[in-house]
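# Structure at a glance
Residue-level listing of the chains:
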Amino acid sequence: MEHHSILRVISKLLIPPIILYALYVQWHGDYGPGGGFQAGVVFAVAFILYSLVYGVDALTRIVSPCLLHAFAGIGVLIYAGTGVVTMLLGDAFLGYNALAHDPVHAQEWGIIVVEFGVGVTVASVMMTIFIAFASHNPPLKDEDW
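All values reported here derive from a predicted model rather than from experimental measurement.

### Let's talk about the nonpolar core
- Among the nonpolar cores identified, the biggest contains 11 residues, and these are Ala44, Phe47, Ile48, Val56, Leu59, Val63, Leu68, Ala123, Met127, Phe130 and Ile131.
- Put simply, the parts of the chain that give this core at least two residues each are helix 2 (36-54), helix 3 (56-62) and helix 5 (103-134).
- Excluding anything up to four places from it in sequence, Phe130 contacts Ile48, Ser51, Leu52, Val56 and Leu59.

This is how it looks when you write it as structure tokens:
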């Protein structure tokens, strides 16, 4: 796609605002519409747009499939780890009241951390699925493990 210079310039102009909007949706999701799932999808869209313009190989040079798998696992660990921490502090699984002295602040901190884990997982999985479909083969082979 070397001859599509307008498409390349427009995509370079669009990708930063898309990422900024994903961060907005992530961090304001507990006060309004949005949250981890929506932010993860919007964040992945920025990278998918890059891949559509520059190719799947260019995307895998920036974000390797192994890194995406790691981030998917890290996001799940953040989500589940928050629940384990609340249990260790004497409350129920994801009982956020144990995270701070004030229940309002505890709920805010708990939701922010859990939604961050969801966002990381969703973005990683969406990019992994796109790479798998766009490259017509799985991003990791058995010998890569």
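Moving on from the coordinates now.
### Quick notes on the packing of helix 2 against helix 5
- Viewed as axis vectors pointing N to C, helix 2 and helix 5 meet at an angle of 30 degrees, and their least axial separation amounts to 7 Å. Considering the angle they form, helix 2 stands roughly parallel to helix 5. For the pair helix 2 and helix 5, the crossing hand works out as right-handed. The segment helix 2 lies against helix 5, with Gly36, Phe37, Gly40, Val41, Phe43, Ala44, Phe47, Ile48, Ser51 and Leu52 engaging Glu115, Val118, Gly119, Val122, Ala123, Met126, Met127 and Phe130.
- Of the residues in the contact of helix 2 with helix 5, the class split is 13 nonpolar, four polar and one charged.

What counts, and where the lines are drawn
Residues numbered from 1 in each chain as written. Predicted model: local features only at pLDDT ≥ 70, side-chain atom pairs only at ≥ 80, totals over all residues. Heavy atoms only, no water. Core = buried A, V, L, I, M, F, W, Y, C linked by side-chain atoms within 4.5 Å. Buried < 20%, exposed > 50% of the residue type's maximum accessible area, 1.4 Å probe, protein only. Helix = DSSP H or I, 4+ residues; strand = E, 2+ residues; numbered from the N terminus. Contact = heavy atoms within 4.5 Å. Axes fitted to C-alpha atoms, helices over the stretch in contact; angles between N-to-C directions. Parallel < 35°, antiparallel > 145°, perpendicular 65-115°, else oblique. Left-handed = near helix turned anticlockwise from the far one by under 90°. Nonpolar A, V, L, I, M, F, W, Y, C, P; charged D, E, K, R; others polar.

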